Amino acid sequence: MAHPSMLPGGMTPQVILLREGTDTSQGTPQLLSNINACLAVADAVRTTLGPCGFDKLIHAQGAEATISNDGATIMKLLSIVHPAAKTLTDIARSQDSEVGDGTTTVVLLASEFLKEAKPFVEDGVPVQAIIAAYRTAADLAISWVNKLAVSIGEGSTDAEKRAMLEKCAGTSLNSKLVNHEKEFFASMIVEAVLTLDQRTLDHRDIGFKKVQGGHLRESFLVDGVAFKKTFSYAGFEQQPKSFEQPKVLALNIELELKAERDNAEVRITDPEAYQRVVDAEWNVIYEKLDLCVKTGAKVIVSRLAIGDLATQYFADRDIFCAGRVPEEDMRRLCKSTGAVVQTSVSSVPVEAMGTCEVFEERQVGGERYNLFKGCPLSKSCTIVLRGGAEQFIDEAVRSLEDAMHIVRRAVKNTSVVPGGGAIDMELSRRLREYARSVAGKAQLFINAFAKALEIIPRQLCDNAGLDATDVLNKLRQKHAQEGGANFGVDVRGGMNAQFQQRNDGGASGGVGSSAVIDTYKSYVWEPSAVKLHAVRAACDAACLVLSVDETVRNPRSEDPQNSMPAMGGRGGGRGRGMGGRGRGRGRR
């Protein structure tokens, strides 16, 4: 890239601004290219939305295949390299970490905002005018969401509040792989969230364990901590498998004899000296084991290995032990039982010991699990999931995690909005009415924003095989009437009406009326925080892409072999010199 400047004599010097090989693209073509890239990314997750959304099978090179319809998971596994399209990946992750659900929604909204702005960009409309109108429309939409939100917790009994939380969890599970068991898992998720400390609602205190085999209905919730027995030595079968109100000792030390290294060397003067060395090693391990027994603990767990000698020693004294406990499980165990991890057993204080109401070792499928129930500080729980294929269980865990975040958000903020695209249609209607009072081109941009919001109910219809035009016209009619703000898409009703229409040859009439329902009365809810964050994040991402008018890219910098710049002049000579004799000098 050079800037020509005429000098006396007609000479035009080249002023180098960017490194050789750098490619610069700017202006409207570059902006349209960025928009097209974002639209292509959105097409990858478009069909995963709603109860009838499809799953994606992603097989990356050198990794296991993943089956999922979670927007954040798909966006992460796609390994998008386009710099503008990465913006959609960022907002999907932001939506997932902030509210736990609505990742596909936020990606679709952002792409649709860009799609509606594309014709204006092609016509040469100033981009800043579009951005200003979009931000105004987003602020209005967010204010209306807050007004339309309904609090479900005020004046309700615990049973009513629990039922409402189960409805929110069921709405999240509607579009997941486990939707046929949503009532079973919705109750389990709500029970797990209500077990947590209600002040913090730390999601890390809910553990998910996956056991292949069995049916989904065989999954169960442990009010406490459960983890798999990772390794078993001879003698573990002789240990007791259950206790009532046992003392729990948590360690971070090894309880096994150290194996000698192959190149170890011990110099002795007589055979008795060697025996003394061996006896000293045994005395050290026996002293540690004896100190553990004197603490009065009936359950001993350690992050490090507990060998066969220690396992048999504890079994002879009716003590249960488990080694190589994962870090996260140990953290939750200590938090629930009150135990404090010890790095030495020489003097274990009484207050460092934990306890629980019941401890038991249970066979789950082909694995053994250690269960700590009724912990006095029980702010933790564990969900043990059963299922067939590994990919199925992995997707079930992701589904339940999304539902868990939704319930957590509903507990913190009890306001909800009607789902099924009802809130999107109502926002679109209000924005269209507002646009009529705006003068100038901004009216067109706000109308474009309003039209983009309709992508959610439209995509719900498309994924269910319904006539989107027919259903959206019916929704517009309902929302134009008084009291119609809660009407959204009824996917199940629309599909049933479609089957009925095929059976009776069309005598039952159109499908549009059957595919529209008051989603609030039908308990199809979503926390208002999901919609608030989705609209704001999608608008910010769209405005960010629209504000970029130039892309500077150096292909050579993407090559690892060319990551270090070449040194010219004298520097280059010194660099070459270091490649030869320099190595010899470095080893002296």
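Residues numbered from 1 in each chain as written. Predicted model: local features only at pLDDT ≥ 70, side-chain atom pairs only at ≥ 80, totals over all residues. Heavy atoms only, no water.

## Points about the overall build of the protein chain
Argument step 1. Tallying secondary structure elements over the protein chain gives 19 helices and 20 strands in all.
Argument step 2. Within the protein chain, the fraction of its 588 residues that count as buried is 47%.
Argument step 3. A separation threshold of at least 6 residues defines the contact pool for the protein chain, and within that pool the share at least 24 residues apart is 76%.
Argument step 4. Here the protein chain has roughly 29300 Å² of accessible surface; of this, 50% comes from carbon and sulfur atoms. (Helix = DSSP H or I, 4+ residues; strand = E, 2+ residues; numbered from the N terminus. Buried < 20%, exposed > 50% of the residue type's maximum accessible area, 1.4 Å probe, protein only. Contact = heavy atoms within 4.5 Å. Areas by Shrake-Rupley, 256 points an atom, 1.4 Å probe, with all protein chains shown as cover.)

## Observations concerning the pattern of salt bridges
Argument step 1. What the rule picks out here adds up to 32 salt bridges.
Argument step 2. Among the salt bridges present, the one from R429 reaches E426, with a minimum N-O distance of 2.6 Å. Here R429 pairs with E426, and both are found in helix α12 (residues 422–435), just three residues apart, close to one helical turn.
Argument step 3. Residue classification places R429 among the partly exposed residues on the basis of a relative accessible area of 23%. (Salt bridge = Lys/Arg side-chain N within 4 Å of Asp/Glu carboxyl O.)

## Overview of the pairing of strand β13 (residues 358–364)
Argument step 1. By the bridge criterion, three bridges tie strand β8 (residues 242–244) to β13 in an arrangement that is antiparallel. Of the residues in β13, the one forming a bridge with F243 is F359.
Argument step 2. Relative to strand β14 (residues 367–373), β13 runs antiparallel, the two sharing seven bridges. Along β14, the bridge assignment pairs E361 with N370.
Argument step 3. Taking the residues that link successive antiparallel strands as the turn, the β13-β14 hairpin has two residues, and the phi of G365 there is positive, at about 65°. (Pairing = 2+ DSSP bridges.)

## Details of the sheet that holds β13
Argument step 1. Pairing is antiparallel across the open sheet formed by four strands, whose spatial order is β7-β14-β13-β8. Two strands lie at the open edges of the sheet, namely β7 (224–228) and β8, each paired on one side alone. Direction aside, neighbouring strands of the sheet carry axes that sit 20° apart on average. (Axes fitted to C-alpha atoms, helices over the stretch in contact; angles between N-to-C directions.)

## Some points on the side chain of K176
Argument step 1. Tracing the backbone shows K176 in the loop between α6 (158–173) and α7 (182–195).
Argument step 2. The exposure class of K176 is buried, given its relative accessible area of 7%.
Argument step 3. Of the polar contacts made by the side chain of K176, one reaches the side chain of D402; its length is 2.9 Å.
Argument step 4. Setting aside residues up to four positions removed in sequence, K176 forms contacts with N69, D70, D101, S399 and D402. (Polar contact = N/O pair within 3.5 Å; in protein donor to acceptor, adjacent residues only side chain to side chain.)

## A short note on the sheet that holds strand β16 (residues 415–418)
Argument step 1. The sheet built from three strands is open, its strands ordered β4-β16-β19 with antiparallel pairing. Both edges of this open sheet fall to β4 (150–151) and β19 (525–527), since each of them pairs with a single strand only.
Argument step 2. Taken together, the three bridges between β16 and β19 define a ladder with antiparallel strand orientation. Counterpart to V417 in the pairing with β19 is E526.

## Things to note about unusual backbone geometry
Argument step 1. Phi at D318 is positive, roughly 55°, even though this residue is not glycine.
Argument step 2. The residue D318 is located in the loop between α9 (308–316) and β11 (320–322) in this model.
Argument step 3. Look at D318 and you get partly exposed, because its relative accessible area is 46%.
Argument step 4. The backbone of R324 shows a phi angle near 55°, a positive value even though the residue is not glycine.

## Here we look at the nonpolar core
Argument step 1. Judged by nonpolar contacts, the single largest core of 68 residues is most densely connected at F113, I130, Y134, L431, F449 and L546.
Argument step 2. With 12 residues, helix α5 (residues 127–148) is the single largest residue contributor to this core.
Argument step 3. F449 has contacts with F113, Y134, A137, A138, L431, V535 and C539, leaving out every residue within four places of it along the chain. (Core = buried A, V, L, I, M, F, W, Y, C linked by side-chain atoms within 4.5 Å.)

## Here's the deal with the packing of helix α4 (residues 103–122) against helix α13 (residues 442–453)
Argument step 1. For the pair α4 and α13, interaxial distance at closest approach is 9 Å and the crossing angle is 145°. Of the two elements, α4 crosses α13, and the hand of that crossing is right-handed. Across the interface between the two elements, L109, E112, F113, E116 and F120 of α4 pack against L444, F445, A448, F449, K451, A452 and L453 of α13.
Argument step 2. Grouping the amino acids of the contact of α4 with α13 by side-chain chemistry returns nine nonpolar, no polar and three charged. (Left-handed = near helix turned anticlockwise from the far one by under 90°. Nonpolar A, V, L, I, M, F, W, Y, C, P; charged D, E, K, R; others polar.)

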